[in-house]
Amino acid sequence: TLKEDATWRARLHHGVGRAALQTGQADTALISLREAAQLEPLEPAIQQSLAAACLELEMYADSLSAARTALQLTPSQPQLMQWFAQHARHLYSATDSQVNALTEAAQALTQAIQSDPSQIELYIDLGQLYLENENPESALRAFSEATDKTIHGKASLSLPQLLLLARHLRHLNEAEKAALLL
């Protein structure tokens, strides 16, 4: 029966947890998501939701742990690496005690780029991360790589992404590269 099916119960708890999280009931979400994670510990989507609930409840170490678990379960998926990097950035901005989160975020984005270099938004995310970490030289390298790939037709960006990239380049005193994008 469905009641005895651990996978079904995990999906149910995951769905309840996500709904609770979306309606601002983080405590309820945490209970459901922990149950889901116990039933299906190898499901990255559950770990991602658990990380979000823990972040909402300011349980930063637990949030980072769940995010790391999600990443470890599917280490070659660029979208998950990008999600991890964004999550780590949120952790960093929430507390200074998670300084390593920025390093891990940069590593995840670098791996995502290596896995799929055609995803230009990964370069932009990496550049933004470096800017936030006060590393303009590395930011410029990431933004320049995105610019080169875009100019040479190896990838395309939406208009908002182009404008964002141009704005970052201009901020780094690279007006000529910014103009090439527009």
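Residues numbered from 1 in each chain as written. Predicted model: local features only at pLDDT ≥ 70, side-chain atom pairs only at ≥ 80, totals over all residues. Heavy atoms only, no water.

Take the overall build of the chain next. Within the chain, the regular secondary structure consists of ten helices and zero strands. Walking the chain from its N terminus toward its C terminus, one meets helices and strands in the order α-α-α-α-α-α-α-α-α-α. When the backbone C-alpha atoms are referred to their principal axes, the chain occupies close to 65 × 35 × 25 Å. Each of the 182 residues in the chain was classed as buried or not, and the buried ones make up 44%. Intrachain contacts of the chain at a sequence separation of at least 6 include 50% that bridge at least 24 residues. Approximately 10,000 Å² of the chain is accessible, and the part contributed by carbon and sulfur atoms is 49%. When the 13 positive and 21 negative side-chain charges of the chain are each reduced to one mean point, those points stand 4 Å apart. (Helix = DSSP H or I, 4+ residues; strand = E, 2+ residues; numbered from the N terminus. Buried < 20%, exposed > 50% of the residue type's maximum accessible area, 1.4 Å probe, protein only. Contact = heavy atoms within 4.5 Å. Areas by Shrake-Rupley, 256 points an atom, 1.4 Å probe, with all protein chains shown as cover. Lys, Arg positive; Asp, Glu negative; His and termini not counted. Charge placed at Lys NZ, Arg CZ, Asp CG, Glu CD.)

Turning to helix α2 (residues 26–39), a few remarks are in order. Taking 1.5 Å per residue, 14 residues should reach 20 Å; α2 reaches 20 Å between its end C-alpha atoms and fits that length. Taken as a whole, α2 has its buried residues at Ala26, Ala29, Leu30, Ser32, Leu33, Ala36, Ala37 and Leu39. The secondary structure elements touched by the buried residues of α2 are α1 (6–22) and α3 (44–56). (Expected span 1.5 Å × (residues − 1).)

A surface patch of nonpolar side chains, about 250 Å² in accessible area, is lined by Trp8, Leu12 and Val16. Counting through the fold element by element, Val16 comes out in helix α1. Looking at Val16, the relative accessible area reads 39%, which means it is partly exposed. (Patch = residues over 30% accessible without salt bridge, like charges linked within 9 Å, V, L, I, M, F, W, Y side chains within 5 Å. Salt bridge = Lys/Arg side-chain N within 4 Å of Asp/Glu carboxyl O.)

Moving on, we come to the environment of Asn133. Inspection of the secondary structure assignment puts Asn133 in the loop between α7 (120–132) and α8 (136–151). Residue class for Asn133 comes out partly exposed when judged on its relative accessible area of 40%. Separated by 31 residues in sequence, Asn133 and Leu102 place their C-alpha atoms 7.6 Å apart.

Here we take up the confidence of the model for the chain. On average, residues of the chain score 89 in pLDDT, and 96% of them reach the 70 mark or higher. Helix α5 (residues 78–94) is the least confidently modelled element of the chain, averaging 84 in pLDDT, while α2 averages 96, the highest of any element. (pLDDT = per-residue confidence, 0-100.)

Moving on to the nonpolar core. Ranked by internal contacts, the top residues of the largest apolar core, which has 55 residues, are Phe84 and Leu165. Among the elements that make up this core, the one with the highest residue count is helix α6 (residues 100–115) (eight residues). (Core = buried A, V, L, I, M, F, W, Y, C linked by side-chain atoms within 4.5 Å.)

Here α3 spans 18 Å end to end across 13 residues, near enough to the 18 Å set by a 1.5 Å rise per residue. Listing the buried residues of α3 in full gives Pro44, Ile46, Gln47, Ser49, Leu50, Ala51, Ala53, Cys54 and Leu55. Those residues of α3 hidden inside the fold are in contact with α1, α2, α4 (60–73) and α5.

Here the focus is unusual backbone geometry. Non-glycine residue Glu134 carries a positive phi angle of around 55°. Its place among the elements puts Glu134 in the loop between α7 and α8. The phi torsion at Asn173 lies on the positive side, around 60°, for a residue other than glycine. Tracing the backbone through its elements, the reader meets Asn173 in the loop between α9 (159–171) and α10 (175–181).

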